[in-house]
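Results of the structural survey
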Amino acid sequence: MTTQGAGKRARDVMHAGAQCVGEHDSLRTAAQMMRDMDVGALPICGDDDRLKGIITDRDIVIKCIAEGGDVDQMTARELAHGLVWCDAETSVEDALVKMEEHKIKRMPVIENHRIVGMISEADLAKELPDSKLAEFVHRVYSGA
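What you see is a predicted model, and the numbers here were worked out from it, not measured in a lab.

About the cut-offs
Residues numbered from 1 in each chain as written. Predicted model: local features only at pLDDT ≥ 70, side-chain atom pairs only at ≥ 80, totals over all residues. Heavy atoms only, no water. Helix = DSSP H or I, 4+ residues; strand = E, 2+ residues; numbered from the N terminus. Contact = heavy atoms within 4.5 Å. Areas by Shrake-Rupley, 256 points an atom, 1.4 Å probe, with all protein chains shown as cover. Lys, Arg positive; Asp, Glu negative; His and termini not counted. Charge placed at Lys NZ, Arg CZ, Asp CG, Glu CD. Pairing = 2+ DSSP bridges. Axes fitted to C-alpha atoms, helices over the stretch in contact; angles between N-to-C directions.

Moving on to the overall build of the protein. Helix and strand content of the protein: six helices and seven strands. Reading the protein from its N end, one meets helices and strands in the order α-β-β-α-β-β-α-β-α-β-β-α-α. Projecting the C-alpha coordinates of the protein onto the three principal axes gives extents of approximately 50 × 35 × 25 Å. In the protein, the share of contacts with a sequence separation of at least 24, taken over all contacts with a separation of at least 6, comes to 57%. Here the protein displays about 7,800 Å² of accessible surface, and carbon together with sulfur accounts for 47% of that area. For the protein, the separation between the mean place of its 18 positive charges and that of its 26 negative charges on side chains is 2 Å.

It is worth spelling out the sheet that holds strand S3 (residues 41-45) at this point. Note: strands within a sheet are paired through backbone hydrogen bonds, in either parallel or antiparallel orientation. In spatial order, the strands read S2-S3-S4; together these three strands make up an open sheet with mixed pairing. Among the strands making up the open sheet, the edge pair consists of strand S2 (21-22) and strand S4 (51-56). Sheet analysis places S3 next to S4, joined by five bridges and oriented antiparallel. Pairing of Ile 44 across the sheet is with Gly 53, part of S4. On top of the sheet, helix H2 (residues 27-37) reaches S2, S3 and S4; it is set at about 130° to S3, its chief contact.

See below:
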């Protein structure tokens, strides 16, 4: 971690204002939200406004479309996975370790039991030295 990144918290590096897709929303709705926001993943929130999982554009393609599923009938909840998150006060170092351990490229950030942002590879790229970023990418993509 660079001197500038040392001591930072998840809230300092996250992309604030993550928008959830509802657990009962169709995959078409999720895909349209991704398109409109130019993102590849969305947190899934339940009726209680709490995080239920995350869905990616790849999930929609592989687990619905390629299997002959109906994007208008299948809901985001059906593909919800990866209930891995960090608290807004988590150190960037600890968030990075959690992402590496779970081999995830995006992680929701929670405060007071509500999602307040997402940490992505792009967010990490702004904070990490090149060598640390390369190590993260290697661990997440190669399974090392």
